Amino acid sequence: MKYCLILLMLLVSSIVQATTPEEDLKNFRDYYLNLFAEKGVKLNDFKDGVYSIDKVSRESWEAVEEFPPYEIAIDEGKTLFQTPFTNGKTYASCFKNEGKGIRQDYPYFDAKTNQVKTLEMEINECREANGEKPLKWKKGDIAKISAYMAFTSRGNKMNVIIPQDNPEAIKWYERGRKHFYAKRGQLNLSCANCHKDAAGKKIRADVLSPALGHVTHFPVYRSKWGNLGTLHRRYGGCNKQVRALPFPAQSEEYRALEYFHSYMSNGIEVNGPGARK
Amino acid sequence: MQRIKKVLVASSLSVIIGTGAMLTSNVMADASKESSDIEAMIAEGKKIAFNRKKGNCLACHEIKGGVLPGNIGPILISIKARFPDKSKLREQIWDASIAKPDTIMVPFGRHKVLTEDEIDKVVEFIYSL
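Every chain is numbered on its own, with residues counted from 1 as its sequence reads. Ligands are numbered from 1 and chains lettered from A, in the order in which they are written. Residue-level local features of this predicted model are given only where pLDDT is at least 70; pairs of side-chain atoms are given and counted only at 80 or more, and the full residue set underlies all totals for whole chains, interfaces and linings. Neither water nor hydrogens contribute to the side-chain values; these are computed over all heavy atoms in the structure.

Overview of the layout of surface pockets
All names here are of chain A. Note the following rule: The way it works is a 1 Å grid over only the protein atoms, where trapped points that fit a 1.4 Å probe form a cavity and open points with protein on both sides within 12 Å along at least five of seven lines form a pocket, and then any residue with an atom within 4 Å of a point lines it. Grid points are joined across faces, edges and corners, and a volume is the space filled by probe spheres set on the points. The residue classification treats Ala, Val, Leu, Ile, Met, Phe, Trp, Tyr, Cys and Pro as nonpolar and Asp, Glu, Lys and Arg as charged. All others, Gly included, are polar.
Roughly 190 Å³ of internal volume is contained in the second largest pocket. If you go around the second largest pocket, the residues you meet are Cys94, Phe95, Lys96, Ile102, Asp105, Tyr106, Tyr108, Phe109, Glu122, Asn159, Ile161 and Pro163. Residue composition of the lining of the second largest pocket, by class: 8 nonpolar, 1 polar and 3 charged.

Overview of the state of the cysteines
Residue and element names in this part refer to chain A. Let me state the cut-off plainly: The criterion for a disulfide is a pair of cysteine sulfur atoms lying within 2.5 Å. Secondary structure elements are defined from DSSP: runs of H or I of at least 4 residues count as helices, runs of E of at least 2 residues count as strands, and each element is numbered from the N terminus. For the exposure calls, accessible area comes from a 1.4 Å probe over protein chains only, and a residue counts as buried if that area is under 20% of its type's maximum, exposed if over 50%, partly exposed in between.
All chains considered together, the criterion is met by 1 disulfide over all chains. The disulfide bridge from Cys94 ends at Cys126, spanning 2.1 Å between sulfur atoms. Judged by the sign of its S-S torsion, about 70°, the cystine formed by Cys94 and Cys126 is right-handed. A residue pair is termed long-range when its members are at least 10 positions apart, and Cys94 in the loop between α4 (71-82) and β1 (108-110) and Cys126 in helix α5 (residues 119-129) qualify at 32 residues. On the accessibility criterion, Cys94 (34% relative accessible area) is partly exposed. Cys238 provides the cysteine sulfur closest to Cys191, a residue in no disulfide bond, and the two sulfurs are 7.4 Å apart. You can call Cys191 partly exposed: its relative accessible area is 22%.

Describing the packing of helix α4 (residues 86-94) of chain B against helix α5 (residues 116-127) of chain B
Residues and elements named next belong to chain B. Heads up, the rule is: The axes are straight lines fitted to the C-alpha atoms, using for helices just the contacting stretch, and the angles between their N-to-C directions are given from 0 to 180°. With respect to orientation, any angle under 35 degrees is reported as roughly parallel, any angle over 145 as roughly antiparallel, any angle of 65 to 115 as roughly perpendicular, and every other angle as oblique. Put simply, a crossing is left-handed when the front helix is turned counterclockwise from the back one by less than a right angle, and right-handed when it is turned clockwise. Residues count as neighbours in contact if any of their non-hydrogen atoms are within 4.5 Å of one another.
Contact geometry for α4 and α5: axes closest at 10 Å, N-to-C directions at 120°. The angle between the axes of α4 and α5 places the two elements in the oblique class. Here α4 runs over α5; the crossing is right-handed. Of the residues in α5, those touching α4 at Lys86, Leu89, Arg90, Ile93 and Trp94 are Glu116, Ile119, Asp120, Val122, Val123, Glu124, Ile126 and Tyr127.

See below:
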């Protein structure tokens with residue numbers, strides 16, 4: 001009887017969580033390193049997204065990066081970041097290291113509130129704590145400030161922490177993982193279908209980027225948008241593409257997704273903001 | 001024992017044929033029509049298959065006559081040799097997960113991306129490749 005119980009418990013725990021985040025990370029990395037081994041792509045190369053695996057589009061991208069379309073936005077973001085609120089304080093007062101070189105630590109699990117906090121979320125929390133109105137989530141000033149903060153973090157390696165002994169944190173992680181692997185929308189496609197199973201293949205004329213390294217270069221200036229957008233803006237676009245209803249930016253669902261998605265890029269350098277088609 | 005096996009085989013066959021007949025009922029009805037009707041269906045099927053808001057098959061397949069194809073799925077060619085049984089082809093398009101549970105091909109019929117009538121036309125077009 002006792003043994004039966006133990007067995008049952010083992011079984012249940014293995015169903016609830018088949019693999020640990022650490023194991024997931026190793027498998028995730030190995031999958032892509034293996035898939036693109038012939039092209040000689042190294043872990044850190046994945047920071048360049050699709051351009052790490054597609055030589056043809058890389059050339060035109062390199063030309064774009066010579067006169068980066070996001071350069072003005074970084075300057076504007078810096079000005080916004082340094083301009084005092086009406087109470088005289090600045091954004092620097094809300095962040096560790098005065099907000100410099102910290103991009104790689106986001107998102108993180110906050111045990112006090114049991115929330116996953118993103119950088120954009122804390123930018124708005126900082127504003128509200130100082131009596132200012134929050135900014136809109138997906139583009140505009142928030143993307144510029146985020147771009148400046150990413151810029152000061154360039155070269156730091158993604159370092160998202162999943163506290164393994166905290167069941168609440170694991171819940172957030174598992175929710176994000178589920179979003180990534182679950183088929184959705186009328187077209188019945190998961191993020192993993194396109195950015196893992198079919199990574200490197202062409203969907204129409206577009207080469208599909210690997211999900212490994214996806215987050216390192218956000219926010220991104222997209223020529224299609226004509227301006228800078230946050231990661232959650234992109235999530236919305238990719239949800240809509242499969243005819244699924246997008247979730248609101250900074251919703252629990254997208255923060256959970258960002259938590260999983262960013263953890264999978266641990267060890268890869270921050271190189272945001274980036275430029276994309 | 002032998003007999004039981006036979007009965008089993010026969011009954012499972014009839015199940016397969018049964019569902020096959022269900023899937024092909026429209027197609028079979030069409031087969032009796034004039035060949036000019038078939039030509040018209042093929043032409044319409046091609047439009048539906050290439051339309052980005054409808055089949056958008058070119059997103060994943062290279063198909064003769066289509067531009068900017070993707071390469072997630074195989075080139076659609078010599079289809080009659082690949083699918084001697086037209087109902088199997090219809091099944092692949094209606095719900096590819098029947099043949100391959102972990103497929104990434106869109107379940108055009110099961111998810112009502114295309115109507116049954118549109119699927120019949122696409123089947124005629126693909127079958128002509």
